[in-house]
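# Inside the fold
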Amino acid sequence: MRAPGFLKKRFLSFRREAVLLGFAIRNPATPWYLKAASLLAGLYLISPIDLIPITVPFLGVLDDAIIVPTAVALITRSLPLAVAAEAGGKADVFVQRWFKRPLLAAALILGGLVVIWFAVLYLLYRLILG
């Protein structure tokens, strides 16, 4: 059985890894295949096509909550050491400055995703109905 604070610790490390990946993508020393994998992980998160459809209660969201953090962790571990060190330092500063409240950070990220999908749906509506 896992310790009671496992989910909180995992979320805190995920937010750092996600920010680290954001900085690492912009680094020219990052291999192209890691940049592509990062892009695919982000696209999977906002994509309406999932392994388990969102219409399946609880499991539809749970697959995103497992697959994306796992992919981000694997990608960050695959970064070259110099890139990981430089991006890690920037990520630590960014997280300490902007993500002081983890629940607020999660709510902002979720809100951002909702805004993106409303914008996509609106554009599709305008495109189809003219």
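Our subject is the structure that appears above.
## Examining the overall build of the chain
Within the chain, the secondary structure is distributed over five helices and zero strands. Moving toward the C terminus, one meets the helices and strands of the chain in the order α-α-α-α-α. Of the contacts made within the chain by residues no fewer than 6 positions apart, 70% connect residues no fewer than 24 positions apart. Mean positive and mean negative side-chain charge positions of the chain (14 and 6 charges, respectively) differ by 9 Å.

## Topic: a nonpolar patch on the surface
The grouping of Leu 110, Val 114, Phe 118, Leu 121, Tyr 122, Leu 123, Leu 124, Tyr 125, Leu 127, Ile 128 and Leu 129 at the surface amounts to a nonpolar patch, some 1,300 Å² of accessible area in total. Within the element layout of this structure, Val 114 appears in helix 5 (residues 102-129).

## Re the side chain of Thr 76
Its location among the elements puts Thr 76 in helix 3 (residues 59-78). The exposure class of Thr 76 is buried, given its relative accessible area of 12%. Beyond its immediate chain neighbours, meaning those up to four positions away, Thr 76 contacts Glu 17, Leu 20 and Leu 21.

## Some thoughts on the packing of aromatic side chains
Counted by the stated rule, this structure contains two aromatic pairs. The interplanar angle of 80 degrees and the centroid separation of 6.1 Å between the aromatic rings of Phe 23 and Phe 94 together place this pair among those described as edge-to-face. Taken together, the positions of Phe 23 in helix 1 (residues 6-25) and Phe 94 in helix 4 (residues 81-98) put the pair 71 residues apart, joining distant regions of the chain.

## Topic: the packing of helix 2 (residues 32-46) against helix 3
Running from N to C, helix 2 and helix 3 cross one another at 165 degrees; their axes reach a closest spacing of 10 Å. In terms of orientation, helix 2 lies roughly antiparallel with respect to helix 3. In the packing of helix 2 onto helix 3, the handedness of the crossing is left-handed. Of helix 3, the residues touching helix 2 (which contributes Leu 34, Ala 37, Ser 38, Ala 41, Tyr 44 and Leu 45) are Asp 63, Asp 64, Ile 67, Val 68, Ala 71, Ile 75 and Ser 78. Each residue belonging to the contact of helix 2 with helix 3 can be placed in one class, and the counts come to nine nonpolar, two polar and two charged.

## Some remarks on the nonpolar core
The biggest cluster of nonpolar side chains holds 17 residues, and the ones touching the most others in it are Val 19, Leu 20, Ala 24, Val 68, Val 72, Leu 79 and Phe 99. Elements with a minimum of two residues in this core: helix 1, helix 2, helix 3 and helix 4. With five residues, helix 1 is the single largest residue contributor to this core. The contact partners of Ala 24, leaving out residues within four places of it in the chain, are Thr 30, Leu 79, Val 83 and Ala 87.

## Observations regarding helix 4
Along its 18 residues, helix 4 runs 25 Å from first to last C-alpha, staying within 8% of the 26 Å computed at 1.5 Å per residue. Within helix 4, the full set of buried residues consists of Val 83, Ala 87, Gly 88, Ala 91 and Val 95. An end-on view of helix 4 places all buried positions within 120 degrees of arc, on one side of the element. Turned more than 90 degrees from where helix 4 packs its buried face, Ala 82, Ala 85, Val 93, Gln 96 and Arg 97 sit exposed.

## Describing helix 2
Compared with an ideal rise of 1.5 Å per residue, which puts 15 residues at 21 Å, helix 2 spans 21 Å between its outermost C-alpha atoms and is within 8% of the ideal. The complete set of buried residues in helix 2 reads Leu 34, Ser 38, Ala 41 and Tyr 44. The arc that holds every buried residue of helix 2, seen down its axis, measures 125 degrees, which confines them to one face. Exposed side chains of helix 2 directed beyond 90 degrees from the buried face belong to Trp 32, Leu 39 and Leu 40. On the buried face of helix 2, the contacting elements are helix 1 and helix 3.

Rules behind the numbers
Residues numbered from 1 in each chain as written. Predicted model: local features only at pLDDT ≥ 70, side-chain atom pairs only at ≥ 80, totals over all residues. Heavy atoms only, no water. Helix = DSSP H or I, 4+ residues; strand = E, 2+ residues; numbered from the N terminus. Contact = heavy atoms within 4.5 Å. Lys, Arg positive; Asp, Glu negative; His and termini not counted. Charge placed at Lys NZ, Arg CZ, Asp CG, Glu CD. Patch = residues over 30% accessible without salt bridge, like charges linked within 9 Å, V, L, I, M, F, W, Y side chains within 5 Å. Areas by Shrake-Rupley, 256 points an atom, 1.4 Å probe, with all protein chains shown as cover. Salt bridge = Lys/Arg side-chain N within 4 Å of Asp/Glu carboxyl O. Buried < 20%, exposed > 50% of the residue type's maximum accessible area, 1.4 Å probe, protein only. Phe/Tyr/Trp six-rings, centres within 6.5 Å; stacked < 30°, edge-to-face > 60°. Axes fitted to C-alpha atoms, helices over the stretch in contact; angles between N-to-C directions. Parallel < 35°, antiparallel > 145°, perpendicular 65-115°, else oblique. Left-handed = near helix turned anticlockwise from the far one by under 90°. Nonpolar A, V, L, I, M, F, W, Y, C, P; charged D, E, K, R; others polar. Core = buried A, V, L, I, M, F, W, Y, C linked by side-chain atoms within 4.5 Å. Expected span 1.5 Å × (residues − 1). Arc of directions from axis to C-beta.

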